[in-house]
Structures are given as structure tokens and as C-alpha cells.
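# Examining the three-dimensional arrangement
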Amino acid sequence: MNDSNEMAKDRTDWAEDRTILANERTFAGWMRTGMASLAIAVGLKAVFGAFDPTWLAKAVASVFVLIAIYIFWAAQQQSRRTLDRLSEHQAASQPHSRMRNLAISFIGGSIATGAILWTL
């Protein structure tokens with residue numbers, strides 16, 4: 001293989017590694033977005049705590065809890081699909097199980113938060 005082809009292969013490998021790292025940053029961004037949705041749910045309950053009827057404030061807060069759950073699961077799914085299409089060269093990606101476990105943990109926390117909001 002000549003020098004030009006070798007350099008092109010190296011650049012392609014580096015680009016793939018950058019894409020793997022960008023995928024992880026995107027996953028983290030979606031996790032933050034899900035947490036923001038959950039914070040809105042808690043904030044709505046705090047602001048509209050004395051709102052009558054209380055079920056309406058709880059229902060609106062629950063919508064944001066459900067949005068957070070969807071974001072966490074969708075982020076994990078998309079991250080997995082992206083990593084399945086790429087090959088690691090120099091960069092080591094986070095394992096699928098770690099991203100899945102993180103998403104499941106956030107989903108569990110969201111469900112618990114939603115349950116607490118309904119009991120208040």
C-alpha cells in the first residue's frame with residue numbers, strides 16, 4: 001500500500017474514533033435533557049403545589065416524567081445503533097451495557113420521582 005492510501009486509511013480511522021466520542025457526548029447531552037425534563041416536573045409540582053385541582057398539576061408533571069423516560073430510553077437505543085455501525089481504532093467506546101444500565105437507572109429514578117409527586 002502506498003503512502004497516500006495509508007494516510008487516507010489513518011484519517012478515516014481517526015474520523016471514526018471522533019464519531020464514537022461524539023456519540024458519547026451526544027448520549028450525555030440527551031441524559032442532561034432528560035434530567036431537565038424531570039426537573040421541570042418537580043418544579044411544576046413545587047410551583048403549583050397548592051393548585052386546585054391537585055390532580056391536574058400532578059398530571060402535567062407526569063407528562064414531563066414520561067418525556068424524561070422516553071428521552072433516556074431513546075438516547076440509549078440511538079447510541080447503541082450508532083456504535084454498532086462503527087469500529088474502534090484508537091478510542092475505546094463505553095460498553096453497551098454501561099449506557100443501558102445508566103438509562104435504566106435514570107428511568108427508575110424518573111418512575112420513583114413520578115410516584116413521589118403523586119403521593120405529595
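The sections below set out a description of the structure shown in this document. (Residues numbered from 1 in each chain as written. Predicted model: local features only at pLDDT ≥ 70, side-chain atom pairs only at ≥ 80, totals over all residues. Heavy atoms only, no water.)

## Digging into a nonpolar patch on the surface
Residues Val47, Phe48, Phe51, Trp55, Leu56, Val60 and Trp118 make up a contiguous nonpolar surface patch of about 680 Å² in total accessible area. If one sorts the elements of the nonpolar patch by residue count, helix α2 (residues 54–85) sits on top with three residues. Among the residues examined, valine 60 registers a relative accessible area of 36% and is labelled partly exposed. (Patch = residues over 30% accessible without salt bridge, like charges linked within 9 Å, V, L, I, M, F, W, Y side chains within 5 Å. Areas by Shrake-Rupley, 256 points an atom, 1.4 Å probe, with all protein chains shown as cover. Salt bridge = Lys/Arg side-chain N within 4 Å of Asp/Glu carboxyl O. Helix = DSSP H or I, 4+ residues; strand = E, 2+ residues; numbered from the N terminus. Buried < 20%, exposed > 50% of the residue type's maximum accessible area, 1.4 Å probe, protein only.)

## Focus on the packing of α2 against helix α3 (residues 96–119)
Their axes nearest at 10 Å, the elements α2 and α3 cross at an angle of 175 degrees. Accordingly, the angle class assigned to the pair α2 and α3 is roughly antiparallel. Broken down by class, the residue content of the contact of α2 with α3 amounts to 17 nonpolar, six polar and four charged. (Axes fitted to C-alpha atoms, helices over the stretch in contact; angles between N-to-C directions. Parallel < 35°, antiparallel > 145°, perpendicular 65-115°, else oblique. Nonpolar A, V, L, I, M, F, W, Y, C, P; charged D, E, K, R; others polar.)

Limitation: the analysis is restricted to geometry and does not speak to function.
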